[in-house]
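Structure assessment
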Amino acid sequence: MANKKLFIAEKPSVAQQFADALKVKGSRKDGYVEDDNYIITWCVGHLVGMSYPDKYDKNLKRWSMDTIPFIPDNFKYEVIPAVSKQFNTVKKLLNRDDVETIYVCTDSGREGEYIYRLVDMQAGVPADKDRRRVWIDSQTEEEILRGIKEAKPLSEYDNLSCSAYLRAKEDYLMGINFSRALTLKYSYPVKQYLGADKCVIAVGRVMTCVLGMIVKREREIRDFVPTPFYRVLAKVGKKPEEADSKDLFTAEWKAVDGSIYFNSPKLYKENGFKEEADAKQLIEYLNDPEPVELTVKSITKKTEKKNPPMLYNLAELQNDCSRLFKISPTETLNTVQELYEKKMVTYPRTDARVLSTAISKEIDKNIRGLCNFQKVAPFAQNILNLGGYKGIAKSKYVNDKLITDHYAIIPTGQGLGQLSKLTSIQAKVYEIIARRFLSIFYPAAEYQKVNIVLTRKTEEFTASFKILSKPGYLAIADPNFGKKKEAAKENENSADKESDKDTEDQLPTEELLEYISALKKGSKLSCNGFEIKEGTTTAPKRYTSGSMILAMENAGQLIEDEELREQIKGSGIGTSATRDAIITKLVNNKYISLNKKTQVLTPTFLGEIIYDVVLYSINGLLRADLTASWEKGLTGVAEGTISEDEYMSKLSDYVVKYTNAVKGVRNQNQMHVIFDKTKPYYTKGKKK
């Protein structure tokens with residue numbers, strides 16, 4: 001009997017990619033493909049799952065305080081009924097005597113590892129059978145064959161497997177024990193508020209934390225009181241001796257050291273007053289005596305550079321797709337997964353935003369492929385002509401230490417013959433990935449910036465000007481770059497603009513910039529009057545589906561700064577593979593609402609009640625730092641720095657402690673605090 005090699009993929013489409021790469025021409029069987037040398041089979045996602053408590057004991061089917069906390073000594077698993085046919089097919093293949101080597105080709109990550117290990121365990125595969133792990137970054141034929149050739153013994157991924165099992169146990173134990181405890185304790189008053197026949201209070205390690213972030217943000221917005229403030233601007237003209245003294249620009253007053261208002265309680269900030277009357281009083285002071293002239297105290301000129309952003313990981317891509325295309329994180333993941341399966345991009349479920357040293361050495365192949373993508377072809381060709389890719393290995397965009405499982409999402413340069421068959425959203429997502437990728441091979445954008453400080457009596461006014469002098473990477477990164485004005489604000493796409501910020505950099509003409517640059521210290525400029533600009537503080541912004549993904553990646557903080565995001569990498573809530581599903585689950589549970597047009601997330605009335613129930617019982621579930629620490633612990637297990645027993649012990653202690661805490665609640669006053677009808681968001685089951 002010939003010895004055969006068995007390849008098991010995560011889904012049929014991926015199995016077909018392996019069959020094509022291995023040139024398997026055998027006939028299609030029921031659930032697998034086979035020829036003289038190879039057998040290719042597949043899972044259909046999860047084939048095996050964790051058993052419900054009633055599989056341990058029939059008495060556990062009924063929810064009761066007497067049967068929790070429930071923590072089994074040995075966890076049970078079972079075949080998922082809907083896919084039992086495929087499981088039985090895979091089981092037979094795994095145990096066939098003529099199968100010499102099993103190549104595990106499920107997705108290269110924690111979840112993919114878990115999918116296979118469950119099947120292996122449930123199928124009872126002999127321990128001495130040779131198993132090898134295929135770990136790939138794309139589904140191109142070249143990468144598949146490399147992965148097979150370099151496949152390592154499956155045992156080298158035992159720590160990753162262990163962390164996957166623990167993650168599932170953690171979600172299982174917290175979900176079952178905490179959901180049962182809270183439902184049994186609080187479902188009756190919740191049903192009263194909702195006028196519902198039944199109510200299950202579903203909580204989870206990550207899900208409840210995300211709900212908490214959304215509810216807290218909504219309450220901040222609800223409680224926010226706008227504060228008016230008043231800024232004083234000077235309308236600056238040319239030098240007094242010059243005939244044409246029309247307004248050239250505006251300069252903003254600031255109460256710096258030496259000002260009669262320095263550290264005054266009348267100020268809202270250094271550049272604004274709390275009361276309009278005080279702003280008017282300042283203008284009266286400045287207007288006396290006439291004519292009003294402003295003296296140049298200093299002029300600072302410098303060149304500012306803006307480097308290309310880091311490459312896309314899944315969270316960053318989901319955020320941009322939410323902002324640019326108004327699609328949900330799940331839609332983004334599905335779209336990039338389809339592009340991955342078409343061999344057009346690399347593995348999508350990645351947290352890394354850099355390339356590996358190995359891929360950087362042959363990155364010109366990816367760039368050459370993009371010469372066939374019309375929208376970026378000129379840029380790709382230019383990079384090749386100038387050799388812009390040759391020094392990339394020494395740049396910040398290549399760093400093996402910042403890669404755990406996979407490098408950033410980039411185009412493979414292959415599969416471009418399918419461009420015409422892509423859906424509109426697939427084409428858009430592919431384009432922004434390609435543009436972000438090519439950007440790193442272009443130089444930084446450069447701005448010429450001039451800052452001018454003017455004085456009048458004891459007071460100072462400042463104005464900043466910035467003009468784009470060298471577009472650098474912006475020419476490729478922005479598909480609308482050529483249609484825009486030459487001058488551009490550096491942060492025009494910022495998601496965090498507020499009306500109470502200082503005056504933004506002004507966008508001068510080159511002629512005006514040249515005029516201002518020629519001024520000297522002590523030069524006099526005419527002032528054509530002062531004006532008061534009223535502003536108001538703005539409430540925090542609601543999360544969108546995309547910004548929530550970023551906040552989850554950054555341990556509950558919506559961090560826009562790229563470098564700071566990189567510093568706290570690895571401390572996120574959930575993983576790149578699960579974050580979109582968490583948001584979807586909250587929507588399906590009717591705890592939050594998702595506006596499909598704007599992608600804005602808001603809590604429902606039920607979601608706010610669940611939040612308060614958790615706040616006064618197991619409030620640790622609402623803490624982003626604590627939730628992130630659990631995830632970091634799982635990473636430690638995967639890296640071998642934390643043992644399985646150590647992690648499981650802490651998990652069990654936590655579940656037991658807080659389940660018993662909920663069971664022990666006897667004080668009805670706590671109920672009154674949670675379900676307080678005087679709260680602004682509780683009015684007959686509706687928010688005001």
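Described in the following lines is the structure provided in the data block. Everything numeric in this text was worked out from a predicted model, so none of it was measured.

The sheet built from six strands is open, its strands ordered 2-3-1-6-7-8 with mixed pairing. Whereas interior strands pair on both sides, the edge strands pair on one side only; in this sheet they are strand 2 (32-34) and strand 8 (152-153). Strand direction decides the pairing type here: strand 7 (residues 130-133) and strand 8, joined by two bridges, are antiparallel. Along strand 8, the bridge assignment pairs Arg133 with Lys152.

With that settled, the discussion passes to the pairing of strand 14 (residues 445-456). Moving residue by residue along a regular strand, the side chains alternate between the two faces of the sheet. Summarising burial for strand 14: nine of the twelve residues are buried, a large majority. Across eleven bridges, strand 14 lies against strand 15 (residues 459-470) in antiparallel orientation. Its bridge partner being in strand 15, Arg456 is matched across the sheet by Glu459. Between strand 14 and strand 15, which pair antiparallel and follow one another directly, the connecting turn spans two residues, one of which, Lys457, has a positive phi of 60°.

A full pass over the atoms with the stated rule returns three cavities of 30 Å³ or more. What the second largest cavity holds in volume is close to 60 Å³. What lines the second largest cavity is simply Val14, Phe18, Cys105, Thr106, Asp107, Ser108, Val134, Ile136, Gln139 and Tyr340. A class-by-class count of the residues in the lining of the second largest cavity yields six nonpolar, three polar and one charged.

Let's shift gears to the pattern of salt bridges. Tallying each qualifying case throughout the model produces 43 salt bridges. Measuring nitrogen to oxygen at the nearest pair gives 3.9 Å for the salt bridge that ties Glu304 to Lys302. You can call Glu304 buried: its relative accessible area is 18%. Its salt-bridge partner being Arg579, residue Asp351 comes within 3.7 Å of it at the nearest N-O pair. In this pair, Asp351 sits in the loop between helix 9 (329-341) and helix 10 (357-360) while Arg579 sits in helix 18 (residues 579-588), placing the two residues 228 residues apart along the sequence. Exposure remark for Arg579: the relative accessible area of 4% places this residue in the buried category. One salt-bridge network, in which partners are shared between bridges, spans Arg110, Glu111, Arg167, Glu170, Asp171, Arg205 and Glu631.

Bringing the nonpolar core into the picture now. Of all hydrophobic cores here, the largest spans 94 residues; its most connected members are Leu94, Ile102, Leu182, Ile201 and Met548. Not counting residues within four places of it along the chain, the set of residues in contact with Ile201 comprises Ser179, Leu182, Thr183, Tyr186, Ser187, Val190, Tyr591, Ile610 and Val613. Listed in part, the 73 residues of the second largest apolar core include Ile148, Val354, Leu438 and Ile440.

The subject of this paragraph is unusual backbone geometry. A cis amide bond links Ile68 to the next residue, Pro69, at an omega of 5°. Locating Pro69 in the fold gives a position in the loop between strand 4 (48-50) and strand 5 (77-79). The peptide bond linking Glu290 to Pro291 adopts the cis configuration, its omega dihedral lying at -5°. With respect to the helices and strands, the residue Pro291 is situated in the loop between helix 7 (276-287) and strand 13 (293-306). One non-glycine residue, Lys326, adopts positive backbone phi at about 55°. Of note, Lys326 is situated in the loop between helix 8 (314-325) and helix 9. Exposure remark for Lys326: the relative accessible area of 38% places this residue in the partly exposed category. A positive phi angle, near 70°, is found at Lys343, a position not held by glycine. Structurally, Lys343 is set in the loop between helix 9 and helix 10.

Parameters at a glance
- Residues numbered from 1 in each chain as written.
- Predicted model: local features only at pLDDT ≥ 70, side-chain atom pairs only at ≥ 80, totals over all residues.
- Heavy atoms only, no water.
- Pairing = 2+ DSSP bridges.
- Helix = DSSP H or I, 4+ residues; strand = E, 2+ residues; numbered from the N terminus.
- Buried < 20%, exposed > 50% of the residue type's maximum accessible area, 1.4 Å probe, protein only.
- 1 Å grid on protein atoms, 1.4 Å probe; cavity = no way out; pocket = protein on both sides within 12 Å on 5 of 7 lines; lining within 4 Å.
- Points joined across faces, edges and corners; volume = space filled by probe spheres on them.
- Nonpolar A, V, L, I, M, F, W, Y, C, P; charged D, E, K, R; others polar.
- Salt bridge = Lys/Arg side-chain N within 4 Å of Asp/Glu carboxyl O.
- Core = buried A, V, L, I, M, F, W, Y, C linked by side-chain atoms within 4.5 Å.
- Contact = heavy atoms within 4.5 Å.

Function-wise, these values are silent; they only describe arrangement.
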